[in-house]
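Structural overview
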Amino acid sequence: EYHGTVAQGVYYKGTYNASANTVEWGEPTIIPGTGSDAGILEFGGDSYNMAVNGDNVAILFCNNPSDLFYCISNDNGATWTKNVIFDNPIENYKESTTLVTDTPYTTDGNGSIAIGDDGVVHVAFGITRFLNDKVDDASYSYFPGVGACLYWNSTMDPIERVDSPLFALE
């Protein structure tokens with residue numbers, strides 16, 4: 001928990017002093033829309049990636065099974081805008097309380113992000129099917145042999161649903 005929210009995204013910016021070989025850290029900035037206030041109740045520590053190009057900073061949040069989204073700052077981390085790429089069909093997932101038996105396609109927790117010199121954000125991410133047929137046992141199932149790798153960029157519409165692994169080729 002951080003400042004009253006669970007799974008909160010926080011941005012720290014440091015300035016490197018080469019002559020002293022030290023880093024001076026600024027105050028942490030809470031990234032809006034990245035915690036329990038946005039329905040994200042659990043988050044894995046390795047389920048994010050970051051890209052920087054000039055003053056543009058983008059952080060991709062690719063937690064399984066939450067919405068796939070990125071937050072971008074065009075002013076070096078002072079303000080942030082949230083952009084949903086894939087609206088996950090499982091809302092407000094929490095392993096201890098959310099039963100999921102229909103094995104929907106969801107993100108698999110892996111993703112990569114880049115910002116082009118033209119400001120276009122590029123994202124590649126994996127999908128899989130998901131199952132949580134017993135709540136509160138600290139486990140869930142996914143099907144890595146059923147998944148695919150998808151590409152998306154910020155000139156495209158958000159992905160509303162994935163019906164098959166062939167979606168990547170459609």
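One can find the structure itself at the top, above this paragraph.
Computed from a prediction, not measured in an experiment: that's the story for all the values here.

**A closer look at the overall build of the chain**
Tallying secondary structure elements over the chain gives zero helices and twelve strands in all. Counted from the first residue to the last, the chain has its helices and strands arranged as β-β-β-β-β-β-β-β-β-β-β-β. For 170 residues, the compact-globule estimate of 2.2 N^0.38 gives 15 Å, and the chain sits close to it at 17 Å. Expressed as lengths along the three principal axes of its C-alpha atoms, the size of the chain is roughly 55 × 35 × 25 Å. The burial tally for the chain puts 38% of its 170 residues in the buried class. Here the analysis covers contacts within the chain between residues at least 6 apart in sequence; of these, 49% occur between residues at least 24 apart.

**A word on the environment of S139**
Mapped onto the elements, S139 comes out in the loop between β10 (121-131) and β11 (141-142). For S139, a relative accessible area of 33% corresponds to the partly exposed category. Residues S139 and E95, 44 residues apart in the sequence, show an inter-C-alpha distance of 7.3 Å. For S139, the residues in contact, after removing those within four places along its chain, are E95, N132 and K134.

**Here we look at the packing of aromatic side chains**
Taken as a whole, this structure holds three aromatic pairs when the rule is applied. Over the ring of F69 we find K82; its NZ or CZ atom is 4.3 Å from the centre of that ring.

**Focus on the nonpolar core**
Residues L60, Y70, I85, I113, V123 and F125 are the most contacted members of the largest nonpolar core, which totals 20 residues. Going through the elements one at a time, β6 (56-61), β7 (68-73), β8 (81-86), β9 (105-115), β10 and β12 (148-153) are the ones with two or more residues in this core. Among the elements that make up this core, the one with the highest residue count is β10 (four residues). Filtering out sequence-adjacent residues up to four positions away, I85 remains in contact with L60, L68, F69, Y70, V123, F125, W152, P158 and I159.

**Section: a nonpolar patch on the surface**
A cluster of nonpolar side chains, contributed by Y12, Y16, V23 and W25, occupies part of the molecular surface with about 480 Å² of accessible area. Note on placement: Y12 falls in the loop between β1 (10-11) and β2 (14-17).

**Examining the pairing of β2**
In the sheet, β2 pairs with strand β3 (residues 22-25) via four bridges, with the strands oriented antiparallel. Across the sheet, T15 pairs through a bridge with E24, a residue of β3.

**Thoughts on the side chain of T106**
Note that T106 resides in strand β9. Only 2.3 Å separates the side chain of T106 from the side chain of N88, close enough to count as a polar contact. Contacts of T106, omitting those with residues within four sequence positions, involve N64, P65, F86, N88, G126, I127, T128 and F130.

Reading the values: the criteria
Residues numbered from 1 in each chain as written. Predicted model: local features only at pLDDT ≥ 70, side-chain atom pairs only at ≥ 80, totals over all residues. Heavy atoms only, no water. Helix = DSSP H or I, 4+ residues; strand = E, 2+ residues; numbered from the N terminus. Rg over C-alpha atoms; globule rule 2.2 N^0.38 Å. Buried < 20%, exposed > 50% of the residue type's maximum accessible area, 1.4 Å probe, protein only. Contact = heavy atoms within 4.5 Å. Phe/Tyr/Trp six-rings, centres within 6.5 Å; stacked < 30°, edge-to-face > 60°. Lys NZ or Arg CZ within 6 Å of the ring centre and 35° of its normal. Core = buried A, V, L, I, M, F, W, Y, C linked by side-chain atoms within 4.5 Å. Patch = residues over 30% accessible without salt bridge, like charges linked within 9 Å, V, L, I, M, F, W, Y side chains within 5 Å. Areas by Shrake-Rupley, 256 points an atom, 1.4 Å probe, with all protein chains shown as cover. Salt bridge = Lys/Arg side-chain N within 4 Å of Asp/Glu carboxyl O. Pairing = 2+ DSSP bridges. Polar contact = N/O pair within 3.5 Å; in protein donor to acceptor, adjacent residues only side chain to side chain.

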